[in-house]
Structures are given as C-alpha cells and as structure tokens.
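Remarks on the overall topology
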Amino acid sequence: MAPTQLRCGDLSVSLASPLVMAIVNVTPDSFSDGGSYHSAQGQLQLTAVLNRVEAMLQEGADIIDVGGESTRPGAIPVSLEDELARVIPVIEAIRKRFDVVVSVDTSRPEVISQAADAGAGIINDVRALELPGALAAAANTSLPVCLMHMRGSPQTMQANTEYDDCLNEVHAYLAGRQRAALDASIAGDNILLDPGFGFGKTEQHNLALINQLYRFHDLECPLLVGVSRKSTIGTILNKPVEERLVGSLVLAYESLRQGAKILRVHDVGPTVDMVKMYNALDQNRGS
Ligand code: 7PJ
C-alpha cells in the first residue's frame, strides 16, 4: 500500500487528499518564472522570495519546491558552488519564517545533505538519485525522495525522444530506481515516483503518460506530476508560457483522476481551486 502520510523531518503532510507543491525557481535563467528574485546586478533577493512564498501559502500551497538548477531543455549547467549559494539560504529563510514543508529540487549529494541540514523536508530529484553519492546522501537524511524519469540530461533530452514503448520504459525505469533506493536503505514509504512529463519525450508520449498514469499504481508509491506551463501545452495551444494556465489545469485534473497525489505547479491559487472541485466531486461519487 502507498503511504497516506509523509514524514518530512520535523513536519509531516497527509496524502489523504491531493497536495499542491508550489515552484520557487531561484535560477536567474529559469524557463517560466525566472529572474524575478534577482536584482539587476544578479543578486538573489531573499525578501522577494519570502514575499512570493507568503503569497503562495495564502493561496493554499502545501509544499514549497526550491530549485537552483535550470532543467529546461538546453539549459546551461550550474556549478555546485552556485547551486548551493542559491538554494541553501532560501531554504533556511523559508523554514525560519514559515512552518511549511520545503522540498529541494536537486541531483547533487552535497546539495541534498546541506539542504536537509537547512530544514528541507523532501528531496526532489529529476535524475532519480543517479548521480554518484546521491542515493547514500538521500538515505542519510531519512527524508522522503521523489524519483523522476528523464531521458538523458537536460542538455540532451530533447535530441533523443524515440522509445519502443515509452510507458513501459518509464515504468521499468521507475521500478528500477525504486529498487535502487530500497537497496540504499531508503524506506519504501519514503519514495514518491514521477513519470517526468516533458523530460525527453514527445507531445504524444507526454499525453500518454497522463492518460495512463494509473499504470504506475502497481509500484505502490504516491505519484507526483509536474505539467505546469510545459511546452507540450504551448505546442497544443500555440501559446507562450504565461498563457498556459487552462492547459496546465486540464492536465493536472486528469492526473488527479488517475490518482496523482502531488501536483507541482506555478499557479497555486487556480490549482488549489481545481483540487477543491475535484475533491468535492470525488466525495460525491461515493454517496
Ligand atoms: C519537474 C521537476 C517535474 C519533478 C522540474 C519545469 C522544469 N520535478 N522539476 N517533476 N520539472 N518532480 O518546471 O518546467 O515534472 S523543472
């Protein structure tokens, strides 16, 4: 059975109904909301981040996802020093000011360890703890981990999007990483899985992942899905990132229908409303 609660260090969250994970990208070059926390001189502005987090919490965010590496297709890799300098002070400042679970969107073992010391409660890795030392670093924190599927690296992922059977490959990959995490002594009920919408996949693959999300339930882990503002939506609607809210909500709603437990999003308020409507319908179904 998939767990119904996550113990995230000193805080915990219930998975009894779907959660909204709000994206805070502290990269100067992030794909849809980047730059807003940096001064003209490129300085990270903690007050701007905290104001944004406060607004997201008022809108009903359950988890704040802090990332300092841009993983959009073709993004320039960030150095370890820069990544640490971006995310650690932000996690510390958020945890000092708010009682909210913070997840850290990172792949590096050093960032995993320091983020946990700074108060992070979830490790969210688009590389599914594949970097050397990452599994051990994550196991050491005793925190929940999210393992995501990606083909190749952010630099190369859209160059090879051919699969014999994308769903089967993603499923086999996640099952393998779940096994690796268990073997590294990460507790089974501390593992979340994510099919990696938009990471080395075509539009048809991305749609199929959402339509067939139910196929991942046999792995008995809560599913996290990130579709917010992604380019598949832009292609279908022919709209720029700031006009992809409705497309994002439709895919997020279908993900909930298929049993997703955590939605990683930019637009917190509208997503929280959608989740409330989904919950109301869901409760009515049983009556
Ligand atoms: C995801 C993520 C996702 C998880 C990013 C973007 C790219 N982490 N980090 N799942 N996407 N778990 O937000 O467009 O889909 S960064």
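Figured I'd write up the structure that's included with this text.

Focus: the overall build of the chain
The helix and strand inventory of the chain stands at nine helices and 10 strands. A compact globule built from 287 residues should have a C-alpha radius of gyration of about 19 Å, and the chain, at 18 Å, falls within 12% of that. Seen along its three principal axes, the alpha-carbon backbone of the chain occupies a region of about 50 × 45 × 40 Å. The 287 residues of the chain split such that 55% are buried. Taking as baseline every contact in the chain between residues at least 6 positions apart, the subset at least 24 positions apart corresponds to 68%. For the chain, the exposed surface amounts to about 12,400 Å²; the carbon and sulfur share of it is 49%. Taken as two groups, the 23 positive and 34 negative side-chain charges of the chain have centres that lie 3 Å from each other.

Some details on unusual backbone geometry
Excluding glycine, most residues fall at negative phi; most peptide bonds, likewise, are trans. Backbone geometry at Ser185 places phi at a positive 70°, although glycine is not the residue there. Positionally, Ser185 belongs in the loop between helix H5 (166–183) and strand S8 (191–194). Its relative accessible area of 63% is what places Ser185 among the exposed residues.

A closer look at the pairing of strand S2 (residues 11–14)
What you see with S2 is a clean split: Leu11 and Val13 sit on the buried side and Ser12 and Ser14 on the side with no burial. Direction of pairing for strand S1 (residues 5–8) relative to S2: antiparallel, over a ladder of four bridges. Looking at S2, one finds that Cys8 is bridged to Leu11. Where S1 hands over to S2, the hairpin turn is made up of two residues, of which Gly9 adopts a positive phi near 75°.

Observations regarding the site of the ligand
In the neighbourhood of the ligand, 13 residues make up the surrounding shell, with Thr71, Asn124, Asp194, Lys230 and Arg264 lying closest. Side-chain polar atom of Lys230 to an oxygen atom of the ligand: 2.6 Å apart, as the coordinates give it. Take Arg264: an N or O atom from its side chain is 2.8 Å from an oxygen atom of the ligand. Alone, the ligand offers 390 Å² of accessible surface; in the complex the protein occludes 95% of this.

Some remarks on the packing of aromatic side chains
On inspection of all chains with the given rule, the structure shows one aromatic pair. Both rings, one in Tyr253 and one in Tyr278, keep their centres 6.1 Å apart while their planes meet at 75°; by these two values the pair is edge-to-face. With Tyr253 in helix H8 (residues 245–257) and Tyr278 in helix H9 (residues 268–285), the pair connects residues that are 25 residues apart, well separated along the chain. The exposure class assigned to Tyr253 is partly exposed, which follows from its relative accessible area of 28%.

Details of the sheet that holds strand S9 (residues 224–225)
Strand order in the open sheet made by the eight strands is S8-S7-S6-S5-S4-S3-S10-S9, with parallel pairing throughout. Two strands close off the open sheet at either side, each with one partner strand: S8 and S9.

Overview of the environment of Asp164
Note on placement: Asp164 falls in the loop between strand S7 (145–148) and H5. On the basis of relative accessibility, which here comes to 81%, the residue Asp164 falls in the exposed class.

With respect to the pairing of strand S4 (residues 63–67)
Of all five residues in S4, five are buried; the element is thus mostly enclosed. Residue alternation in S4 divides its side chains into two sets, Ile63, Asp65 and Gly67 and Ile64 and Val66, and both sets are buried. Where strand S3 (residues 19–25) meets S4, five bridges bridge the pair, whose relative direction is parallel. Across the sheet, residue Val24 finds its bridge partner in S4, namely Val66. Where S4 lies against strand S5 (residues 101–105), five bridges are found, and the strand directions are parallel. Paired with Ile63 across the strands is Val101, a residue of S5. Traced from S4 through helix H2 (residues 80–97) to S5, the parallel crossover comes out right-handed.

Some thoughts on the nonpolar core
Residues Ile64, Val66, Ile91, Ile94, Leu129 and Phe216 are the most contacted members of the largest nonpolar core, which totals 72 residues. Residues contacting Phe216, with those up to four places away along its chain left out, are Leu167, Val170, His171, Leu174, Pro195, Leu209 and Leu223. Counting 14 residues, the second largest nonpolar core, distinct from the first, contains Leu6, Leu19, Leu192 and Ile262.

Each value, and the rule that gives it
- Residues numbered from 1 in each chain as written.
- Predicted model: local features only at pLDDT ≥ 70, side-chain atom pairs only at ≥ 80, totals over all residues.
- Heavy atoms only, no water.
- Helix = DSSP H or I, 4+ residues; strand = E, 2+ residues; numbered from the N terminus.
- Rg over C-alpha atoms; globule rule 2.2 N^0.38 Å.
- Buried < 20%, exposed > 50% of the residue type's maximum accessible area, 1.4 Å probe, protein only.
- Contact = heavy atoms within 4.5 Å.
- Areas by Shrake-Rupley, 256 points an atom, 1.4 Å probe, with all protein chains shown as cover.
- Lys, Arg positive; Asp, Glu negative; His and termini not counted.
- Charge placed at Lys NZ, Arg CZ, Asp CG, Glu CD.
- Pairing = 2+ DSSP bridges.
- Near = heavy atom within 4 Å.
- Polar contact = N/O pair within 3.5 Å; in protein donor to acceptor, adjacent residues only side chain to side chain.
- Phe/Tyr/Trp six-rings, centres within 6.5 Å; stacked < 30°, edge-to-face > 60°.
- Right-handed = clockwise from strand over helix to strand, strands pointing away.
- Core = buried A, V, L, I, M, F, W, Y, C linked by side-chain atoms within 4.5 Å.

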